[in-house]
Protein chains: 2
Amino acid sequence: METCKADTALDILVGKWKHKILFELSKHEVMRFNELKRAIPGITQKMLTSQLRELESHDIVQRKVYSQIPPKVEYSVTTYGRTLDPILHAMHSWSETHIDRMNEKEADEAKAVQS
Amino acid sequence: METCKADTALDILVGKWKHKILFELSKHEVMRFNELKRAIPGITQKMLTSQLRELESHDIVQRKVYSQIPPKVEYSVTTYGRTLDPILHAMHSWSETHIDRMNEKEADEAKAVQS
DNA sequence: CAGCATCCAGCGCGATACTG
DNA sequence: CAGTATCGCGCTGGATGCTG
């Protein structure tokens, strides 16, 4: 462990949306485009599309197209994508305790101001 | 675990440098400003300063100033900052296997082109 | 030594409109 | 339904120069 290579993992998870997409996808096994869009408040089609393409290019998600009218596309997390779970999970639980901590701090500061 | 809160952890680790700073700091226990700068190739003073300030504001690193000439400032990871280790570690080891995977893939593609 | 101030480029990301 | 195309803003991050 000479230099830090965590960049690679970061590259894949960073970008305001990718981890949310993975979060939703890993809950549902299989999801359609608009289903994902509805599940992630605030995301635009553009962002959803581009982020999904990036994740796809890293073999994190799989894209299955049904050639039919109306179109139907299903997204799912690959088994390789599942290997990211520990990271996502670690970040998630850490965030929760961090948020608690922030709240306590704010409360303390409010008290300090009051006195 | 209703919605995804991993943003918080991401916010703290993201930004091209923060995780590298933490990586170096956690190796050395205590480091001075220029020591850190030398340890992280390519970083500018501006970036190092601003990232350190952000980490400090989240209680991830501690800043100890010695009022003397020449100035001396020591940075170290707080015990709270240490709680990020599992995440960094997970990202690091994942990245290594991912890099291996990418290399294999490239090799395969090269072979495919050749044939 | 350990910064802060300023200026500037790139692109991440959003809003909007159009398509098979 | 599941996209693509275009436009543009803002913020992140880089280069340079100054200071206690």
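Residues numbered from 1 in each chain as written. Chains lettered and ligands numbered in written order. Predicted model: local features only at pLDDT ≥ 70, side-chain atom pairs only at ≥ 80, totals over all residues. Heavy atoms only, no water.

### Here's the deal with the protein's contact with DNA strand D
Working step 1: Residues in close proximity to DNA strand D total 19 residues, the closest being Arg53, Arg63 and Tyr75 of chain A together with Lys16 and Lys46 of chain B.
Working step 2: Taken together, the sugar and phosphate atoms account for 67% of what DNA strand D places within 4 Å of the protein.
Working step 3: The backbone of Val73 of chain A places a nitrogen or oxygen atom 3.4 Å from a phosphate oxygen of DNA strand D.
Working step 4: Contacts to DNA strand D include Tyr75 of chain A, whose side-chain N or O atom sits 2.6 Å from a phosphate oxygen.
Working step 5: Contributions of two or more residues to the surface near DNA strand D are made by helix H3 (33-39), helix H4 (45-57) and strand S3 (72-77) of chain A together with helix H4 (45-57) of chain B.
Working step 6: Considered class by class, the residues forming the surface near DNA strand D number eight nonpolar, four polar and seven charged. (Near = heavy atom within 4 Å. Polar contact = N/O pair within 3.5 Å; in protein donor to acceptor, adjacent residues only side chain to side chain. Helix = DSSP H or I, 4+ residues; strand = E, 2+ residues; numbered from the N terminus. Nonpolar A, V, L, I, M, F, W, Y, C, P; charged D, E, K, R; others polar.)

### Description of empty space enclosed by the protein
All names here are of chain B.
Working step 1: One pass over the full model with this rule turns up one cavity of 30 Å³ or more.
Working step 2: Size it by volume and the largest cavity reaches roughly 40 Å³.
Working step 3: Only helix H2 (18-28), helix H5 (79-82) and helix H6 (85-114) provide two or more residues apiece to the lining of the largest cavity.
Working step 4: Counted by class, the lining of the largest cavity contains three nonpolar, two polar and two charged residues. (1 Å grid on protein atoms, 1.4 Å probe; cavity = no way out; pocket = protein on both sides within 12 Å on 5 of 7 lines; lining within 4 Å. Points joined across faces, edges and corners; volume = space filled by probe spheres on them.)

### Looking at the packing of H2 of chain B against H4 of chain B
Residues and elements named next belong to chain B.
Working step 1: Relative to each other, H2 and H4 sit at 75°, their axes nearing to 10 Å. Judged by the inter-axis angle, H2 sits roughly perpendicular to H4. Residues Lys18, Ile21 and Leu22 of H2 form the contact with H4, whose participating residues are Leu48, Gln51, Leu52, Glu54 and Leu55.
Working step 2: When grouped by side-chain class, the residues that make up the contact of H2 with H4 number five nonpolar, one polar and two charged. (Axes fitted to C-alpha atoms, helices over the stretch in contact; angles between N-to-C directions. Parallel < 35°, antiparallel > 145°, perpendicular 65-115°, else oblique. Contact = heavy atoms within 4.5 Å.)

These figures capture arrangement, not role.
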